[in-house]
Amino acid sequence: MTFWNDPINFIRQWLETLLVGWGVAPGVAQVILLVAGAAILGVLGLVWVIFLIWYERKIIGRLQDRLGPNRVGPFGLFQPFADMFKIFTKEYITPEGADRVPYNLAPVLAVAGTLMVWGVIPFASRIFGADLAVAVLFVVAAGSIGELGIIFAGWGSNNKYALLGAFRSVAQLISYEIPMVVTLLIPVMLSGSMSLQTIVQSQSIWFVLLAPIPALIFLITQIAEVGRAPFDLIEAESEIVAGFNIEYSGLKFGMFYVAEFLHAFTTAILFAVLFLGGWRGPFAEQIPFLGFVYLWIKTFLIYFLTVVIRGTVPRFRIDQMMDINWKLLTPLSLTMVLVTAVVHSLVRPLGSPLVTLAALLVANALMGLITMQLMRASTRSRRRPMVAPSTIIVARPETERQQSTLE
Amino acid sequence: MTIVQVFFLLVAAVTLFAGVMAVSTRRIMHAALWLILTLFGVAVSFAILESAFFAVVQVVVYIGAIAILLVFAIMLTRQVMVDTGPQLNRGWWIPALLVAGLYAALVGVLSTWSSFQALPAALPAEASDLGRFGLALVDANAYVIPFEVASVLLLGALVGSIFVATDRKG
Amino acid sequence: MIPLSWYLIFAAALFCTGLFGVLARKNAIAILIGIELMLNSVNINLLAFWRYLYAPDLSALTFVAIVLVAAAAETAVGLALIISVYRRRSTVVVDDISLMKG
């Protein structure tokens, strides 16, 4: 195997022979290399966030008819570095009575919950961290670790508002986990495996074409899981005083900030891997780096979409948010799993992928139409027209009993 | 001592320490946090036992749902932010003795078993085939009845807990 | 190679710790924490036996799944009951909830 064919294994073998040549036991050398690989992947992910912050601020600026940062460096490219230095030099103010261990552990858990996902994403046909057989469930578990970080932050701050903010935030996250997990079943069902590499390899037709409505539901629930607009009630600066991270300053707050941006990008990568065919494209199997480029292009498309949504749509109220989840997304995702399972199992024995595509598209379109009709009917029933009074009733004592029967 | 043995000893030590702290710490919120560490340690030991599926399900179900539910319940059932009074029963040394005796009895009885010191053989490839497990759960000759009973149990728990915890005064 | 005895001793220790929590704590939620420890130790035991005395039969995995499901259901209902009792009696100390009256 050469470097271009199989980069990770090539480097690993070279380093392993180097370490064993220095006298390290083979088992220990393997462990050292695994830990080093994980550390490098984590550092690369964190460094990439610097570029993401610049990208987002520029695009949000343009959407709001202004330029965005453009002073520090060409096109403002060094602005995130300036922000980083500012945050590094700020003082850590620990509130009095704060529980030290949860307070300090919370930013670590928030970042860990996002970085863990990068270990299972297949960047190319032979570039990936680990090919877990249960990678899809691992992604859900990483989300749970992020929620733990929020609870630790709310509890450890010794601040009632932080606690309330943390509970509202966790309530939103665990509510939106349900349609997310249910729609994650659809790529698993269509490809027959929970391993992300197998899901990518079985996408000869992209799953977004085979299951457009579940893909849309997945995108919406992931935006809600990240806590971005329009679901950013949990960190709305104007409302609950910045929520659970109110008592954090300096780099600890910086870690929460980084975790949010990284989570948004990880959302885009997951969508690209699960529904847009991942690293698949012309000549991607022979040249892994080309697959990496394809994945990056697809991810940036989705990330651009989420940034545009953030800059455009107003924020939801908390009851609207819960309504959307429990009354629309959960029943719709459960029904879509049923419909996809039935249609797929009926059509797959026929063997032709085009027939499968047509049947599933028709099923999705039907479900979409039914959903729109149901939504329209429910909005209409809620907006009852006001009854115009035909006579003006003036309050008179002797006609009070009449008035009460007219109600 | 291979690396895996050292790793397992570390994981077991952390889990047991967290378990002891979870049942003996004074503040109930800390007990929940120590429980989360214990559940983590149990998930890691599931992974060492080569059942990756149950390791991840442990994190998702226990840590991501049950532990968070425990934290919510602790917050909802406190009158003040601090715990007052002794947290252990007055005669707590009786359960301690009983538990120590039970542990000695368990280990003693198990050590007389012939396969107590068994070493692991390599698992065949079909052992980690999740599809086989999934098919067995819906096979009428296999485990569909426990599967359906578990679903009904979950439905009953869902409806029951909502009904029990509803505030019916308003 | 980790002998099976290590897993069994580990699970027994965890079980006994949970049992101590159930018997010796006053707070109802702390008792539930002890129950969780006991159920987890049972799961460790089951999976250790599945790994070391492997048979193509999948009953061990089903058993583990059912224990997990039962623990989740029981925790949910138990916490709902504790919250409901707290609303009536304003306490979760089990010694004070010993009378049926009131």
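Residues numbered from 1 in each chain as written. Chains lettered and ligands numbered in written order. Predicted model: local features only at pLDDT ≥ 70, side-chain atom pairs only at ≥ 80, totals over all residues. Heavy atoms only, no water.

Quick word on the packing of helix α5 (residues 135-156) of chain A against helix α2 (residues 28-48) of chain B
One can describe the packing of α5(A) onto α2(B) by two numbers: an axis separation of 13 Å at closest approach and a directional angle of 160°. The orientation of α5(A) with respect to α2(B), classified from their angle, is roughly antiparallel. For the crossing formed where α5(A) meets α2(B), the hand is left-handed. In this structure, α5(A) uses A:I145, A:L148, A:F152 and A:W155 to contact α2(B), whose residues at the interface are B:M29, B:L33, B:I36 and B:F40. (Axes fitted to C-alpha atoms, helices over the stretch in contact; angles between N-to-C directions. Helix = DSSP H or I, 4+ residues; strand = E, 2+ residues; numbered from the N terminus. Parallel < 35°, antiparallel > 145°, perpendicular 65-115°, else oblique. Left-handed = near helix turned anticlockwise from the far one by under 90°. Contact = heavy atoms within 4.5 Å.)

Things to note about the interface of chain B and chain C
The interface of chain B with chain C comprises 83 residues on the first partner and 70 residues on the second. Across the chain B to chain C interface the summed buried area is about 7200 Å²; carbon plus sulfur atoms make up 76%. Put simply, chain B and chain C have one salt bridge between them. Between chain B and chain C we count nine residue pairs in polar contact (both at pLDDT 80 or more) in total. Those elements that place two or more of their residues in the side of chain B that touches chain C are α1 (3-24), α2, α3 (52-76), α4 (93-111), α5 (130-138) and α6 (144-165) of chain B. If you tally residues by element for the side of chain B that touches chain C, the top one is α1(B), at 12 residues. Of the residues in the side of chain B that touches chain C, the class split is 60 nonpolar, 18 polar and five charged. (Buried area = accessible area lost by both parts, 1.4 Å probe. Salt bridge = Lys/Arg side-chain N within 4 Å of Asp/Glu carboxyl O. Polar contact = N/O pair within 3.5 Å; in protein donor to acceptor, adjacent residues only side chain to side chain. Nonpolar A, V, L, I, M, F, W, Y, C, P; charged D, E, K, R; others polar.)

Focus on unusual backbone geometry
Phi angles above zero are rare outside glycine, and A:F75 is one such case at about 60°. Following the sequence through the fold, A:F75 ends up in the loop between α2 (26-63) and α3 (79-88). Judged by relative accessible area, which is 63%, A:F75 ranks as exposed. Residues other than glycine seldom take positive phi values, yet C:S90 does so here, at roughly 60°. Mapped onto the secondary structure, C:S90 falls in the segment after α3 (59-89). Judged by its relative accessible area of 37%, C:S90 falls in the partly exposed class. (Buried < 20%, exposed > 50% of the residue type's maximum accessible area, 1.4 Å probe, protein only.)

Concerning the side chain of A:H344
All names here are of chain A. As for its position among the elements, H344 is in helix α12 (residues 318-347). H344 sits in the buried class, given a relative accessible area of 11%. Leave out the neighbours within four places in its chain, and H344 touches L190, T356 and L360.

Overview of the confidence of the model for chain C
Looking at chain C, the pLDDT average stands at 90 and 98% of residues meet or exceed 70. Scoring the predicted complex yields pTM 0.88 and, for the interface, ipTM 0.91. (pLDDT = per-residue confidence, 0-100.)

Brief notes about the packing of aromatic side chains
All names here are of chain A. Within the structure shown, the criterion is met by 39 aromatic pairs over all chains. A ring pair is formed by F218 and F275, whose centres lie 5.6 Å apart and whose planes are at 50°; its orientation type is tilted. Note that F218 is positioned in helix α9 (residues 212-226) and F275 in helix α10 (residues 251-275), a separation of 57 residues in sequence. For the pair formed by F218 and F275, the shared burial category is buried. Three or more aromatic residues link up through ring pairs in this structure, and these residues are W48, F51, W54, Y55, W118, F123, F265, F292, W296, F300 and Y303. Here the guanidinium or amino end of K252 rests over the ring plane of Y92, the centre of that ring lying 4.7 Å away. (Phe/Tyr/Trp six-rings, centres within 6.5 Å; stacked < 30°, edge-to-face > 60°. Lys NZ or Arg CZ within 6 Å of the ring centre and 35° of its normal.)

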